[in-house]
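# Examining the three-dimensional arrangement
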Amino acid sequence: MSAEDQARHAQKMSQIKAARDRMMAGKTGEKGLLIVHTGPGKGKSSSGFGMIMRCIGHGMPCAVVQFIKGSRDTGERRLLETHFPDLCQFHAMGEGFTWETQDKRGDIAAAEAAWARAQELIRDPGIRMVLLDEINIAFRYGYLDPKAVIGFLAAEKPPMTHVVLTGRNAPSELIEAADLVSEIAVVKHPFRDGIKAQPGVEF
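What counts as what
- In every chain, residue numbers begin from 1 and rise along the written sequence.
- The predicted origin of the model limits local features to residues at a pLDDT of at least 70 and limits the giving and counting of side-chain atom pairs to 80 or more, whereas totals for whole chains, interfaces and linings rest on all residues.
- No hydrogens and no water enter the side-chain calculation; it runs on all heavy atoms of the structure.
- Numbering of helices and strands runs from the N terminus, with a helix taken as a DSSP run of H or I at least four residues long and a strand as a DSSP run of E at least two residues long.
- Throughout, exposure labels follow a simple rule: accessible area from a 1.4 Å probe, protein chains only, divided by the maximum for the residue type, with under 20% read as buried, over 50% as exposed, and the rest as partly exposed.
- Contact definition: two residues touch when any of their heavy atoms are within 4.5 Å.
- Only the protein chains shown count as cover for residues, and all accessible areas are computed by the Shrake-Rupley method using a 1.4 Å probe.
- Asp and Glu are treated as the negative residues and Lys and Arg as the positive ones, with His and the ends of the chain left uncounted.
- The atoms used to mark charge sites are NZ of Lys, CZ of Arg, CG of Asp and CD of Glu.
- Working definition: a disulfide is two cysteine sulfur atoms within 2.5 Å of each other.
- Each pair of strands is called paired provided DSSP finds at least two bridges between the two strands.
- Helix axes use the C-alpha atoms of the stretch in contact, all axes being lines fitted to C-alpha atoms, and the angles between their N-to-C directions lie in the range 0 to 180 degrees.
- By definition in this entry, angles of less than 35 degrees are roughly parallel, angles greater than 145 are roughly antiparallel, angles of 65 to 115 are roughly perpendicular, and the rest are oblique.
- By definition, turning the near helix anticlockwise from the far helix through less than a right angle yields a left-handed crossing, and turning it clockwise yields a right-handed one.
- The nonpolar class holds Ala, Val, Leu, Ile, Met, Phe, Trp, Tyr, Cys and Pro. Asp, Glu, Lys and Arg form the charged class, and all remaining residues, Gly among them, are polar.
- Those domain boundaries reflect an automatic or database domain assignment.

### Let's talk about the overall build of the protein
Counting its secondary structure elements, the protein contains eight helices and six strands. Along the first, second and third principal axes, the C-alpha atoms of the protein reach 70 × 45 × 35 Å. Expressed as a percentage of the 203 residues in the protein, the buried residues total 38%. Considering only contacts in the protein between residues 6 or more positions apart, those separated by 24 or more positions represent 81%. Entry remark: accessible area of the protein is about 12000 Å², with carbon and sulfur atoms responsible for 53%. Positive and negative side-chain charges in the protein, numbering 26 and 25 respectively, have mean positions lying 5 Å apart.

And the structure:
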């Protein structure tokens, strides 16, 4: 790169930095966020657990409530229960995927129990983030009422608590109420080519 090119690049980056600094100067607010990870692509729960790990890195107490998935042994559960039980509570409260349980009454009872536990955790102002993993699936199958959940969060969530809700097909009212929504699309997935779920990637 010539000296002239370097000078042009430095001037351009300086202008971008000045504009960025002006923008960031107006971003001073803080609040507990309602965060939704949805869409048909892989990575919704993975992203939620990434946020949980960030909380742990900052020494922020957090909690996980798993809807639907049940007590399956996963890498994230092993890691959190073995190494960080003082910072992260982990509650796997589903009975498994609906096509495995084939018991709607039991699935509803499990979802209601998981939501009851989630409410206790969310009410605790000492817990800074609560991940409600796959709760959107409970909404989709009618196991929980999204309006009741949103109403609780609006009325009882402490001001600085973050709540993360994952799962495909997030209901429209949840998307409307949320502060941050990410929709993960599918571009390619190995399952379509006959590759099964693998440790370290899916669980």
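### Re the state of the cysteines
Applying the stated criterion to the full structure yields zero disulfides. Here C55 stays unpaired: no disulfide links it, and the sulfur of C62, its closest cysteine neighbor, is 5.1 Å away. Of the residues examined, C55 reaches a relative accessible area of 4% and is grouped as buried. Not engaged in a disulfide, the cysteine C88 finds its nearest cysteine sulfur in C62; these two sulfurs lie 3.8 Å apart.

### Digging into the sheet that holds strand β3 (residues 88-92)
Reading across the sheet, the six strands line up as β3-β2-β4-β5-β1-β6 and stay open at both edges, with parallel pairing between neighbours. A strand with exactly one partner marks an edge of an open sheet, and here the two such strands are β3 and β6 (180-183). Strand after strand, the sheet turns through a mean of 10° between neighbouring axes, direction not considered. As judged from the four bridges shared by strand β1 (residues 34-38) and strand β5 (residues 162-166), these two strands associate in the parallel manner. Paired with V36 across the bridge in β5 is L165. Each of β2 (62-66) and β3 is contacted by helix α3 (residues 75-83), which is oriented at about 140° to β3, the strand it contacts most.

### Overview of the packing of helix α5 (residues 104-123) against helix α7 (residues 146-156)
Helices that pack against each other are described as a pair by the angle of their axes relative to one another and the distance between those axes. Where α5 meets α7, the axes come as close as 11 Å, and the angle between the chain directions of the two elements is 15°. Relative to α7, the element α5 lies roughly parallel. Of the two possible hands of crossing, α5 and α7 adopt the one that is right-handed. Listed contacts from α7 to W115, Q119, I122 and R123 of α5 are V149, F152, L153 and E156. Per-class residue counts for the contact of α5 with α7 are five nonpolar, one polar and two charged.

### Observations concerning the environment of M93
Turning to its location among the elements, M93 is positioned in the loop between β3 and α4 (98-101). Taking the C-alpha atoms as reference points, M93 and W115, 22 residues apart in sequence, are found 9.3 Å from one another. In this structure M93 touches V65, Q66, A110, A113, A114 and R117, once residues within four positions along its chain are discounted.

### Quick notes on the pairing of β1
Burial runs high along β1: five of the five residues are buried. Side chains L34, V36 and T38 of β1 all project onto a buried face; the interleaved residues I35 and H37 project onto the opposite face, where all are buried too. Strand direction decides the pairing type here: β1 and β6, joined by four bridges, are parallel. Considered in β6, the bridge of T38 is made with E183.

### Quick word on the packing of helix α2 (residues 44-57) against α3
Axis separation between α2 and α3 bottoms out at 12 Å; the angle between their running directions is 15°. The orientation of α2 with respect to α3, classified from their angle, is roughly parallel. Crossing geometry of α2 relative to α3 is assigned as left-handed. Contact residues: F49, I52, M53 and I56 in α2; E76, L79 and L80 in α3.

### Quick look at the domain arrangement of the protein
When the parts come together, some accessible area is lost, and that loss is often what is quoted as the size of the interface. Partitioning the protein into structural domains gives domain 1 (1-29) and domain 2 (31-193). On a C-alpha basis, the centres of domain 1 and domain 2 stand 39 Å from each other.

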